[in-house]
Amino acid sequence: MSSLSKELVFLILQFLEEEKFKGTVHRLEQESGVFFNMKYFEEKVQAGEWDEVEKYLSGFTKVDDNRYSMKTFFEIRKQKYLEALDRQDKAKAVEILVNDLKVFSTFNEELIKEITQLLTLGNFRENEQLSKYGDIRTARSIMLIELKKLIEANPLFREKLVFPNLKSSRLRTLINQSLNWQHQLCKNPRPNPDIKTLFVDHTCSPSNGPLAPTTVNLPVAAVAKPATYTSLGMHGPFQPTAASANANALAGWMANASVSSSVQASVVTPSSLPMSQNQVSILKRPTPAPATGMVDYQNNDHEQLMKRLRPAQSIDEVSYPSHRQQPSWSLDDLPRTVAFTIPQGSTVTSMDFHPSHYTLLLVGCVNGEITLWEIGMRERLVTKPFKIWDITACSLPFQAAIGKDGSISVSRVAWSPDGNFIGVAFTKHLIHVYAYTGPSDLRQHLEIDAHVGSVNDLAFAYPNKQLSVVTCGEDKLIKVWDLSGRKLYTFEGHDAPVYSICPHHKESIQFIFSTAIDGKIKAWLYDNVGSRVDYDAPGQGCTTMLYSADGSRLFSCGTSKNGDSFLVEWNESEGAIKRNYSGFRKKSAGVVQFDTTQNHFLAAGEDNQIKFWDMDTTNFLTSTDAEGGLSSLPRLRFNKEGNLLAVTTADSGVKILATSVGLRSLRVIEAPFEMLRTPIEASAIKVSGTSAVTNVSPVHSKVERSSPVRPAAINNGIDPTVRGTEKQRALEDVTDSIKSSQLSEIVDPVQCRLVTMPDSMDNSSKVARLLYTNSGVGILALGANGIQRLWKWSRNEQNPSGKATANVVPQHWQPSSGLLMTNDVSGVNLEEAVPCIALSKNDSYVMSAAGGKVSLFNMMTFKVMTMFMPPPPTSTFLAFHPQDNNIIAVGKEDSTIHIYNVRVDEVKSKLKGHQKRITGLAFSTNLNILISSGADAQLCLWSIDTWEKRKSLTMQMPSGRSPAGDTQVQFHSDQIRLLVVHETQLAIYDASKMDLIRQWVPQDGLSAPISYATYSCNSQLVYAAFVNGNIGVFEADSLSLRCRIAPSAYLSQPSLNESQGLYPVVVAAHPQEPNQLAVGLTNGSVKVIEPLESEGKWGENAPIDNGLSNGRTSSSSATRNHTSDQVQR
């Protein structure tokens, strides 16, 4: 339904409401599906009119549309069932159970069995979970609260819960206006015409002479109430659009796009487009994957197929978006208070905040320089002046241009969505891509001679799930590059230089909007078919397009050639302007810049000030001049939280504006570093709080160099002569002295937060494998006896997030059936077995083995769904393919790796390259490789496409040690760096070249063999466990020791006294909380450990110097490529 048709329905609804056609109003609401009347719904629920409740609800959603809908219908039918039981109407209860509740058995059979058992009770309140069930009216009220939350969170109800604000009798007013117009067109208009029908156009009957037209002012009551309205015809304002049911916004634009039309018109003329039929169908209806097997769907269409594709899903567990409906907004939510000004020293042309480190600001300047600021510390972390990295690789036109005029400016800086890369576009030909590898570390990654002339814009995108760089330029082209510098696409079609680009995606469709300096807007899919959209931007000038943070709303801001500025919101489904914001006062000499924040506000810089708008209101809210000194057309950028705003000043600086929350966050960040600054600044040396890199300048410019090198017990494979000058060594000594004082020792339980999983101790079975659920609400432990145990945290007042925490004791979770997840161990010698485990991305099922067959368990019922791959050889490691959950890599005892397709029950490939059993597997979708490790201390690199071995190497062992022993592998979140763990060492490799970057060997207080290690969820830390019970927390970039957690901190005194061999066998890192870890011990117990809330991070407040050496090696070249969500354990 087009937006105009929806508006007509709203007008009819208002008319029916005013005329008291109550039943018809609600029937139209249900049948049109444009407005869900929550008040009417509440009335029917409170009245217990369940048939009407479901009938009304069915106009907006069906039971199996998504998990919110499923939960909504389940709660209603459960309440209806309980009320029948409360009336002792067993026959009605059975009818409801069979006809209404049985459908949910597909998703949770155990729950339905438990509900069925209520029939056997004299009073269902005898069931422990229903013991607090009160009277019917109270129960309905409680259920209504839950239903409202579900409906508000359900994406199918988005924009359907609020009736538009209309003036009274709006439909009658429009009819009067139409009749006035018809009367104006009469050949012989009469005064006070007698309007008797609306079925035909009004005309005045002929008279003796012409009369002056008069206005038709019919009283509201004069318009009769017709039974129906006739069609307005093909020439009326409510024409059917070319694509009335688009699957996504871009499809709507494309289906309605004409070859060249102005979007300022409210009605868009459809036309045929040069698109193949299957492309059109793909745009309108993204094709889901086959409905067999265990495909892990990543788009919104997957909810429709859940009951056929996936094992049971909990009806009782529904996660609500944290900010589904914002509370009332106030001006205090806008960052308008000046926190401070940072002196850049050159006119700022572009800025961007890091996507997850909200105080990390990237700045590009007119002199070609880029700077990385930690604004929480007001510190310039690193500055990169412009230089050509390889002039020989640049084109001759660029060499000629730079030789003629060496000046060059930054036109755009941008972070990649994962925060691991920085893109820089310049006003002559080039783009630079840096790898961000640490708090103060930018490393050259890629230089491309991208366009002829200026590169006007740059952005990152994920075509085909591959991080890529999109650029546009003065040569009228848009180009897409992968991170190796290979050009993937060139889009040609603009008739003027391309000014800006806006990559985006809707569900599975990736696309790019582009705007040219002539005001043309085009849209492109990642193919070679050409532009799918051709519109004129308001003002037909330079325009920038941006989506709101949640990707649901599209805005543009631009300035015409005569200086008029336009800020608008687009109706994506029709390619028309939905809202035109007012408030620009004067003509601009340049192009106005804008940004969005919090899915609620817009801001633009004009006339030496910043103006703010509410997205839902056309008039601007307020403005600020930031205490003066802003540039005439300030550039601006919000951080992701929206509590900080960076704006440019006229004197080549950047002002940081903040909300009250933003100001508090800046103080919190700044406070821990005040103690460090005083002694260091006296000697003109400044040390970052998380980096051992020295800064030697009053303005804190970073001196780039390698990390200090210390003698190690083994040859690390890195040139030990890279040390710098003697002066730098002296500075390094000071730095290391300060750094060592930051080492924290946790030796007492009061120094950290700790919780032990209930019922976890089992001295007969150590914890062999340990995982957090991907949702972060539970921990799964696989014992050496082949039994898996699950602990889950509940959402309550003490733990409102419901996530794993050391503040609350979780529940040892089991289904009501009492089943255990027990692996096949028939005929298995458990002392020799190597347990292994892998969890699906959606936490629906877990795959594991303990010397016998591989079992696939349903995580809700604990039932075995299937078993496969009987030994020999036994399975020793499992890993899901990151792009296809039907494909599993299975490491074997006989040193082979089987690539197994679960859906067809077939081994597709057998990989041979190791000498001993497989002990680790890790996928990198960035590099398109699988890394395997074995008990032979060997690493092998395999192509995911062909499963051919590309490379292998043996780890460097300490003197006297043979290359043997279990080796673990795990990719950094950038999918390039690889953590390799052996009992003798922690090592970081660049997986693209399999070069050793850093290495740490057990020493001093941590001299025992390593039992296990893992990255934190953000890959900033490495947690390592040792067989003497110690746990080390390392900086992931430098492998410098940040904190030591002694056994006395997490083990009771009796445990320390009685058990000599008690230590963590495995370590797991929480998937969302970087400072939370869990350990599984040799006595079967599982513990969650976190730093004190007053500290927040490991090693934050540690004044003592324990003399432990970091054992760092020097830093090598930059590692490459981008992040992925996958973290292999």
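Each remark here, short or long, concerns the structure printed above.
Residues numbered from 1 in each chain as written. Predicted model: local features only at pLDDT ≥ 70, side-chain atom pairs only at ≥ 80, totals over all residues. Heavy atoms only, no water.

Chemist: What is the right way to look at the overall build of the chain in this model?
Modeler: Looking only at helices and strands, the chain features 17 helices and 61 strands. Counting all 1129 residues of the chain, 56% fall into the buried class. Long-range contacts, defined here as pairs at least 24 residues apart, represent 56% of the contacts in the chain between residues at least 6 apart. Per element, the accessible surface of the chain, about 47400 Å² overall, is 50% carbon and sulfur. (Helix = DSSP H or I, 4+ residues; strand = E, 2+ residues; numbered from the N terminus. Buried < 20%, exposed > 50% of the residue type's maximum accessible area, 1.4 Å probe, protein only. Contact = heavy atoms within 4.5 Å. Areas by Shrake-Rupley, 256 points an atom, 1.4 Å probe, with all protein chains shown as cover.)

Chemist: Would you explain the sheet that holds strand β20 (residues 554–559) in this entry?
Modeler: As a general point, the strands of a sheet are linked pairwise by backbone hydrogen bonds and lie either parallel or antiparallel. Taken together, the four strands give an open sheet; going across it, the order is β19-β20-β21-β22, and neighbouring strands pair in antiparallel fashion. Here the strands that pair on one side only, and so sit at the sheet edges, are β19 (542–547) and β22 (576–581). Adjacent strand axes in the sheet meet at a mean angle of 30 degrees, parallel and antiparallel pairs treated alike. Sheet topology note: the β19/β20 ladder contains six bridges and is antiparallel. Within β20, the position partnered with T543 by the bridge is G558. (Pairing = 2+ DSSP bridges. Axes fitted to C-alpha atoms, helices over the stretch in contact; angles between N-to-C directions.)

Chemist: How should I be thinking about the sheet that holds strand β41 (residues 854–858) in this particular structure?
Modeler: Taken in spatial order, the four strands make up an open sheet running β39-β40-β41-β42, and their pairing is antiparallel. Two strands close off the open sheet at either side, each with one partner strand: β39 (836–839) and β42 (864–868). Put simply, the sheet's adjacent strands are angled 15 degrees from each other on average, direction ignored. Here β41 pairs with β42 via four bridges, running antiparallel. Following the sheet pairing, F857 is matched in β42 by V864.

Chemist: Is there a simple way to explain the environment of G913 in this structure?
Modeler: Relative to the assigned elements, G913 resides in the loop between β46 (906–912) and β47 (918–924). Between the alpha carbons of G913 and K951 there is a distance of 9.7 Å; along the sequence they are 38 residues apart.

Chemist: Any chance you could explain the packing of helix α3 (residues 38–47) against helix α8 (residues 136–153) here in plain terms?
Modeler: When two helices pack together, their arrangement is given by the angle between the helix axes and by the axis-to-axis distance. At their nearest, the axes of α3 and α8 sit 9 Å apart, and the two run at 150 degrees to each other. In terms of axis orientation, α3 runs roughly antiparallel to α8. Handedness of the α3/α8 crossing: right-handed. Side by side, α3 and α8 meet where M38, F41, E42, V45, Q46 and A47 of the first sit next to R137, R140, S141, M143, L144, L147, K148 and I151 of the second. Looking at the contact of α3 with α8 residue by residue, the classes come out as eight nonpolar, two polar and four charged. (Parallel < 35°, antiparallel > 145°, perpendicular 65-115°, else oblique. Left-handed = near helix turned anticlockwise from the far one by under 90°. Nonpolar A, V, L, I, M, F, W, Y, C, P; charged D, E, K, R; others polar.)

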